[in-house]
Amino acid sequence: LLELQGQQGSSAVLDFRLPSMHSEAGSTYIPVLREDCPDFSSSLYTSSLATRSLGRLLVYVPCLTTSQAALSPALGHGAAVVPGRQTLGRGRGGNTWLSPPGCAMFSLQALLASCSSLASRPSLLQHLAALALVQAVTDTTGLRLAIKWPNDIYLGQGVKVGGVVAAASTSSRGLLVSLGAGLNLDNSLPTTSVNRVVREQGGQEVTRELFLATVFNRLEELLDR
């Protein structure tokens, strides 16, 4: 069991004790099942993941308020939470994210040693995450996106299709950074999505599982460098 502390004193419990498929999920209790979800293939995801730590522990939740809240307290370096939908997604400066079906979203936890160069420049991690996102799109679809620094992902000059947000706190082990990211991967109209543009150009679409695994692969490479 893992208790998550939310805002205004609220809390919820993640239950890893092999709960049954009939366990009742709610705002204060989240059963973590080990089977494939109908809308997320863990086998496709894990077969595409080449990291040592990033994304190795992944919890998929069909719908929750915000994946950033699910990373408090610390789950560990590389732990990821992937929501199917968010109802209160968080952006920079207190902005709210909307997440219609088709968005590829995640929150990822990174623990940076106090002596590392990244710990002294935590904002760099947000830049690396944005870079990993656009690299992953090019790797999997051939489509080239742009970064509007520090954290917005654009298609061309005027269409925003994603973004990254980061929050950091200190601990006895170093700097704990929670990265949140979202990309319009397969959204329906009127939003612009990566797969729709790729389809119109006659290219190969990408699944959410392959895209997420490729983002984590790329980000770990960048952190190593």
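Residues numbered from 1 in each chain as written. Predicted model: local features only at pLDDT ≥ 70, side-chain atom pairs only at ≥ 80, totals over all residues. Heavy atoms only, no water.

Glancing now at the sheet that holds strand β11 (residues 159-171). In spatial order, the strands read β4-β5-β8-β12-β11-β10-β9; together these seven strands make up an open sheet with mixed pairing. Two strands in the sheet have a free side with no partner beyond their single neighbour: β4 (58-64) and β9 (146-148). Each neighbouring strand pair of the sheet contributes to a mean axis angle of 20°, computed without reference to strand direction. The sheet strands contacting helix α2 (residues 123-141) are β8 (103-112), β9, β10 (152-155), β11 and β12 (174-184), and the helix crosses β12 at an angle near 35°. (Pairing = 2+ DSSP bridges. Helix = DSSP H or I, 4+ residues; strand = E, 2+ residues; numbered from the N terminus. Axes fitted to C-alpha atoms, helices over the stretch in contact; angles between N-to-C directions. Contact = heavy atoms within 4.5 Å.)

A negative phi holds for most residues other than glycine; trans holds for most peptide bonds. Residue proline 150 is reached from tryptophan 149 by a cis peptide bond, and omega for that bond is 10°. One can find proline 150 in the loop between β9 and β10. For the bond running from leucine 189 to proline 190, omega is 15°, close enough to zero to count as cis. Structurally, proline 190 can be placed in the loop between β12 and α3 (194-200).

Before going further, it helps to examine the pairing of β8. Of all 10 residues in β8, 10 are buried, a share of seventy percent or more. Sheet analysis places strand β5 (residues 80-86) next to β8, joined by two bridges and oriented antiparallel. Opposite alanine 80, over in β8, you have leucine 108 as the bridge partner. Of the strand pairs in this sheet, β8 and β12 are connected by 10 bridges, and their pairing is antiparallel. Note on β12: the bridge partner recorded for glutamine 109 is serine 178. (Buried < 20%, exposed > 50% of the residue type's maximum accessible area, 1.4 Å probe, protein only.)

Time to look at the environment of serine 114. Tracing the sequence through the fold places serine 114 in the loop between β8 and α2. Residue class for serine 114 comes out exposed when judged on its relative accessible area of 59%. Here the alpha-carbon distance between serine 114 and serine 172, two residues 58 residues apart in the chain, equals 9.0 Å. If we ignore the near neighbours within four places in the chain, the residues touching serine 114 are Ala119, Arg173 and Gly174.

Turning to the packing of aromatic side chains, a few remarks are in order. Using the criterion set out here, one finds four aromatic pairs in the structure. Centroid distance phenylalanine 40 to tyrosine 60: 5.0 Å. Interplanar angle 15°. Geometry classified as stacked. Here tyrosine 60 lies in strand β4 and phenylalanine 40 lies in the loop between β3 (29-31) and α1 (42-48), a separation of 20 residues in the sequence. On the accessibility criterion, phenylalanine 40 (4% relative accessible area) is buried. According to the relative accessible area criterion, tyrosine 60 is buried, its value standing at 12%. (Phe/Tyr/Trp six-rings, centres within 6.5 Å; stacked < 30°, edge-to-face > 60°.)

A word on the pairing of β12. Most of β12 is tucked away, with 11 of its 11 residues classed as buried. With 10 bridges connecting them, β11 and β12 associate as antiparallel partners. Along β12, the bridge assignment pairs valine 164 with alanine 181. A loop of two residues connects β11 with β12, the two strands running antiparallel in sequence.

If you look at the biggest cluster of nonpolar residues, it comprises 45 residues, and the most contacted ones within it are Phe106, Leu145, Leu183, Phe211 and Phe216. Sorting elements by how many residues they give to this core places α2 first, with nine residues. If we skip the residues at most four places from it in the chain, phenylalanine 216 touches Tyr45, Leu49, Thr51, Leu54, Gly55, Leu58, Ala80, Phe106 and Leu108. (Core = buried A, V, L, I, M, F, W, Y, C linked by side-chain atoms within 4.5 Å.)

So, on to the environment of aspartate 39. Tracing the backbone shows aspartate 39 in the loop between β3 and α1. As a C-alpha pair, aspartate 39 and tyrosine 60 span 21 residues in sequence and 9.7 Å in three-dimensional space. When residues no more than four places from it in sequence are discounted, the contact partners of aspartate 39 are Tyr60, Arg208 and Glu209. At 2.8 Å, the side chain of aspartate 39 and the side chain of tyrosine 60 are in polar contact. (Polar contact = N/O pair within 3.5 Å; in protein donor to acceptor, adjacent residues only side chain to side chain.)

All quantities given are derived from atomic positions and should not be read as evidence of function.
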